[in-house]
Amino acid sequence: MIRRLPEILTIWVPLLLSAAHLIAFTLWTIWISFTPSTLVPVTGWVGLRNYSSVAASRNWQIAFDNLLLFGSAFVLLSLATGLILAILLDQRIRGENVLRSIFLYPLAVSFVVTGTVWSWLLNPGLGIQKLVHDLGWTSFRFDWLIDRDMAIWTIVIAAIWQSSGFAMALFLAGLRSVDADLIKAAQIDGAGPVRMYRRVILPTLWPITITVIVIQLQFAISTFDLVRALTNGGPGIATQLPALVVYDLMFQRSLLGRGAAAAVLMLLILLAVLLPYAAWRYLQRRRAIHA
Amino acid sequence: MAALSIRALSKRYANLEVLKGIDLDIESGEFTVLVGPSGCGKSTLLNIVAGLDHASAGTVEIGGRVVNDVPPKDRDIAMVFQSYALYPSMTVRQNITFGMECRGVAKAEQEKALANVARLLQIEPLLGRKPSQLSGGQRQRVAMGRALVRDPLLFLFDEPLSNLDAKLRVEMRMEIKRLHQRIGATIIYVTHDQIEAMTMATRIAVMHRGVVQQFADPDTVYRYPANLFVARFMGSPPMNTVPARLEADAGGPVVVIGAGRPDEVRLRLRGYDAAAPYVGREVVFGIRPECIAEGERVFSGEAPIIVNAPVEMVEPTGAETIVLLRLGGEPAQARISPDVRPAPGEVAPFALDTRRICLFDPETERLIA
Amino acid sequence: MRDRSFASSRILIYLIVSLVAAAWLAPLAVVVLNSLRTNEEIAQGSMIGWPQHLAWSNYAAAWSGFCVAETCAGIRPYMLNSALVTIPATIFSTLLGAVAGYAISLWRFRGDSWIYGIVTLGIFLPQQMRLLPWTIVLRDTGLMNTLTGLVLIHTIQGLSFTVLFCRNYYVAIPQELIRAARIDGAGFFRIFWRIILPLSPPILVVTVIWQFTHIWNEFLYGVTFTTGQQQPVTAALIALSAAVADIPQHGVQSAAVMIAALPTLLIYLIGGKYFVRGLTAGAVK
């Protein structure tokens, strides 16, 4: 036993800590969500009361609607941007490495930093609108940041800018792994570049597309830092998102039970995305084994 | 003294029984080849002998000591792997001495052992190189050097030649055999290649579905295969096995192939007394392709039996010609002289050597005689 | 004819990618330029403009001059906090992940695939599910509002990624290598040090870059579990923009943002290839 101590310390302790904290903390949060905890965790059972009050709150409703809009707009647009960039970069162009680095660098920077910078650029009194006004076009308007109806789109813009590069990187890897013989065969069949992409190359990309969609959705669901830095949920609560509601309930209003309930709701939204994906992956793998 | 004794060894993974009660005794100095198709359990057996896998039941004795619970490093064995398993980040020298380093052998002694092995395998110029800078044959030599330097009771080879190209494989085959003759080591060698088994082994254990089908010297395995599986597995092209009927007349037992057909073949047997109980019953008739030859051939002075058979296909290989023909309606292959070229479709005479045929029980598939 | 249409399509491709690249670089360019303009200059015009003269003093002020809340020490202490959290957490999580990944992929033990499956769930599980338990654990262990607490959190949570990276890398190493070493008499750690680790630099670089970038950029835990002088730089930046909202100092703020972004940007410039590898490795799990 003593002889095995180093192994136990370096393998089992970290692995078990990691696995145990994931399971235990999840169960713990779920448990808190059923208690009447406010400032401190307390025992007790309130059933689904925390859930119903979170779900009934205007804050959560707006956050949920925003998530639907932000999630779908961001995922679709970043997917499209990433795919177009990947196809363009796949044309054996010069400076591909430099361009790829440019499209990916935002991922290496904190969302706090990029959110702050975008909040300046999109601020009508400081950024793009001010610049155009100073240039003489005084009727120009680009004030989404302070427009309740449009503010959510500023987050979409910043998120696309930040993570389209990720979609591009995966798509580019997919394009590069298309069987060269397949392309040669299509060339011999007389397919032009457009037909080549539409009929031969892009159909091989759909597993990657699904992966990208799931990862981008996962990112959208847990978006926190970016909104915190860019709009902080405002104007008013126009750009609330679930992650902000959770934080607000837990640490600003000290309603731990409700905060936990909101976190569990976030998890459920995430599972609604991940479980079908996991099932799909499982089926794919089984089919691959049986083929 | 037996170098290795395996008793009632079995191995089961979940619902799959990969080894079913293996018993083997291997004498010191023997070159034993475990041969069989992939999935027959031969590599699992080798891993259990090495201590890299655990048996579900049974015992393994190395040099008279039960080693079931002895870790691999204390079993007094060395192993050569299919992928060579040379440590990529170490030089050839470090690869060979790593085991001694682990056992805490003194530096001077390490150097001496290394020099001996390097000279034996002629790899002195390679000692400073990394495995990635070696050719396939050189890697193979280094892997053997790593095993040899241990001077173990037992050498285990796990398909060591299957990653080499055909020419190099033949060279290394001879080199390993020469090495065995020179140092008289006890070797257990796993392969799926029956030619390697025939050429190198002093004894062959043919395995199939987790069972040792036959354990005997190469001549016996070839000449008297214990059952239909061994008959069909050993030899290339394999032994012809065709359904037949055993009859008897005044002169003794007669094998009838395609009984009742116009081209029925009747072969009189001599010296197959063990087949007597099968007279009047169905049997499987086995004959090696080299025992069917062109009609002019004379087998060891005796007048051969001549059979006229239709030729279906002819495959000249240069040294000999393989002919696919019909024997009493059943397909069979013959190995004939390259000077004779029967044409497909033609009925040609063939000489059969009936002293070297085998008869199998169609139910148990075992050798009758 | 064919050549001309080919040439014009090439020009179109270059035009589009250049425009997009310019748009992608614009925010960076704006911050860099602003960090060299005085607050007054920015206040007169917009955030977008060329510096009239280079105001390097912004960087000095951002580093050690301006005030966040009641303290006037610039972002230097927060940068130091971030470094003191990020560097140890990166080292610990990488080393432990490498050993664990090696044990899971090459040594195999009972239940290894279960443990592995659970640990990598951490990649998907939202951080919000762990906020309250961590709060309670840190408070009860006296690690609340300490850098040690953050190191602990990032080490444990980082394992999800480091184990995934290392395990996926090590499964490609042939089992026979381990078997050969075991017959040679090497044990668990000797095999790790002498055989596995020398093969590991590619994956360790990926893991270190990934962990460093993630932990440095992390915000939620920093802002939740630390306050005031203990905060990492991401949390301090948010506090800074709140603090200066009344009297904007955009030049100095831009310099502060640049300083905060610099470590991960530099690492990206040097090891971008490895960063992207980590990005895609996590994706194709």
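Residues numbered from 1 in each chain as written. Chains lettered and ligands numbered in written order. Predicted model: local features only at pLDDT ≥ 70, side-chain atom pairs only at ≥ 80, totals over all residues. Heavy atoms only, no water.

**Some thoughts on the interface of chain A and chain C**
- Listed as interface residues are 80 residues of chain A and, on the opposing side, 75 residues of chain C.
- Taken together, both faces of the contact between chain A and chain C bury some 7000 Å²; the carbon and sulfur share is 80%.
- Area buried by chain A at its contact with chain C is led by Leu15(A), Tyr105(A) and Trp120(A), which between them contribute 10% of it.
- At the junction of chain A and chain C, the tally comes to 0 salt bridges. (Contact = heavy atoms within 4.5 Å. Buried area = accessible area lost by both parts, 1.4 Å probe. Salt bridge = Lys/Arg side-chain N within 4 Å of Asp/Glu carboxyl O.)

**What about the sheet that holds strand S15 (residues 292-294) of chain B?**
Residues and elements named next belong to chain B.
- Spatially, S15-S19-S16-S17-S18 is the arrangement adopted by the 5 strands of the open sheet, whose pairing is antiparallel. Each edge of the open sheet carries a strand with a single partner, namely S15 and strand S18 (330-336). Looking at each pair of strands side by side, their axes are set apart by 50° on average, direction ignored.
- In this structure, strand S16 (residues 305-316) lies alongside strand S19 (residues 347-352), joined through 6 bridges in antiparallel fashion. Bridge assignment links Ile306 to a residue of S19, and that residue is Ala351. (Pairing = 2+ DSSP bridges. Helix = DSSP H or I, 4+ residues; strand = E, 2+ residues; numbered from the N terminus. Axes fitted to C-alpha atoms, helices over the stretch in contact; angles between N-to-C directions.)

**Brief notes about the domain arrangement of chain C**
Residues and elements named next belong to chain C.
- You can read the domains of chain C as domain 1 (2-60) and domain 2 (76-283).
- Across the interface of domain 1 and domain 2, roughly 840 Å² is buried in total on both sides, 75% from carbon and sulfur atoms.
- The three residues of domain 1 that bury the most area against domain 2 are Val31, Asn39 and Tyr59, which together make up 49% of that side's buried surface.
- Here domain 1 and domain 2 share 3 residue pairs in polar contact (both at pLDDT 80 or more) between them.
- If you list the elements that add at least two residues to the side of domain 1 that touches domain 2, you get helix H1 (2-34), helix H2 (39-44) and helix H3 (57-64).
- Among the elements that make up the side of domain 1 that touches domain 2, the one with the highest residue count is H1 (4 residues).
- A class-by-class count of the residues in the side of domain 1 that touches domain 2 yields 6 nonpolar, 4 polar and 1 charged. (Domains from an automatic or database assignment. Polar contact = N/O pair within 3.5 Å; in protein donor to acceptor, adjacent residues only side chain to side chain. Nonpolar A, V, L, I, M, F, W, Y, C, P; charged D, E, K, R; others polar.)

**Topic: the arrangement of the chains**
- The highest contact count of any of the 2 pairs of chains in contact belongs to chains A and C.
- Spatially, chain A and chain B are disjoint, and the shortest separation between their C-alpha atoms is 15 Å.

**Here we look at the pattern of salt bridges**
Residues and elements named next belong to chain B.
- On inspection of all chains with the given rule, the structure shows 31 salt bridges over all chains.
- Residue Glu282 is joined to Arg245 by a salt bridge in which the shortest nitrogen-to-oxygen separation is 3.2 Å. One end of the pair, Glu282, is in strand S14 (residues 282-287); the other, Arg245, is in strand S11 (residues 240-249), and 37 residues separate them in sequence.
- The class of Arg245 is partly exposed, set by a relative accessible area of 29%.
- With a closest N to O distance of 2.9 Å, Asp263 and Arg261 form a salt bridge.
- Salt bridges sharing partners connect three or more residues here, namely Arg245, Glu247, Glu264, Arg266 and Glu282. (Buried < 20%, exposed > 50% of the residue type's maximum accessible area, 1.4 Å probe, protein only.)

**Digging into the interface of chain B and chain C**
- Opposite the 28 residues of chain B that make contact, chain C presents 15 residues.
- In this assembly, chain B packs against chain C so that about 1900 Å² is buried in total across both faces, 59% of it on carbon and sulfur atoms.
- For the interface between chain B and chain C, the tally reads 2 salt bridges.
- Here Glu101(B) ties to Arg194(C) by a salt bridge, and the two come within 2.4 Å at their closest N and O atoms.

**Side note on the packing of helix H1 (residues 5-32) of chain A against helix H6 (residues 128-140) of chain C**
- For the pair H1(A) and H6(C), the least separation of the axes is 8 Å and the interaxial angle reads 95°. In this view, H1(A) runs roughly perpendicular relative to H6(C), as classed from their interaxial angle. Taking contact as the criterion, the partners of His21(A), Leu22(A), Phe25(A), Thr26(A), Trp28(A), Thr29(A), Ile30(A) and Ile32(A) in H1(A) are, on H6(C), Met129(C), Arg130(C), Leu132(C), Pro133(C), Trp134(C), Ile136(C) and Val137(C).
- Across the contact of H1(A) with H6(C), the residue classes tally to 11 nonpolar, 3 polar and 1 charged. (Parallel < 35°, antiparallel > 145°, perpendicular 65-115°, else oblique.)

**Considering the pairing of S14(B)**
Residues and elements named next belong to chain B.
- Burial analysis of S14 places 5 of its 6 residues in the buried class, the great majority of the element.
- Pairing geometry for S11 and S14, over 6 bridges, is antiparallel. Paired with Val242 across the strands is Phe285, a residue of S14.
- Bridging between S14 and strand S20 (residues 358-360) involves 3 bridges; their strand directions are antiparallel. Within the sheet, the bridge partner assigned to Phe285 lies in S20 and is Leu359.

**Concerning the packing of helix H3 (residues 58-89) of chain A against helix H13 (residues 256-290) of chain A**
Residues and elements named next belong to chain A.
- H13 packs onto H3 with a crossing angle of 20° between their chain directions and a minimal axis gap of 13 Å. Of the possible angle classes, the one that applies to H3 and H13 is roughly parallel. Note on packing geometry: the crossing formed by H3 with H13 is right-handed. Across the interface between the two elements, Trp60, Phe64 and Leu67 of H3 pack against Ala262, Leu265, Met266 and Ile269 of H13.
- Taken together, the residues of the contact of H3 with H13 break down into 7 nonpolar, no polar and no charged. (Left-handed = near helix turned anticlockwise from the far one by under 90°.)

**Here we look at unusual backbone geometry**
Residue and element names in this part refer to chain B.
- Along the chain, Ser236 connects to Pro237 via a cis peptide bond; the corresponding omega equals -5°.
- Mapped onto the secondary structure, Pro237 falls in the loop between helix H8 (228-233) and S11.
- With a phi angle near 45°, Ala8 is a residue other than glycine that sits in the positive phi range.
- As for its placement among the helices and strands, Ala8 is situated in strand S1 (residues 2-13).
- With a phi angle near 45°, Glu159 is a residue other than glycine that sits in the positive phi range.
- The topology assignment puts Glu159 in the loop between strand S7 (154-158) and helix H5 (166-183).

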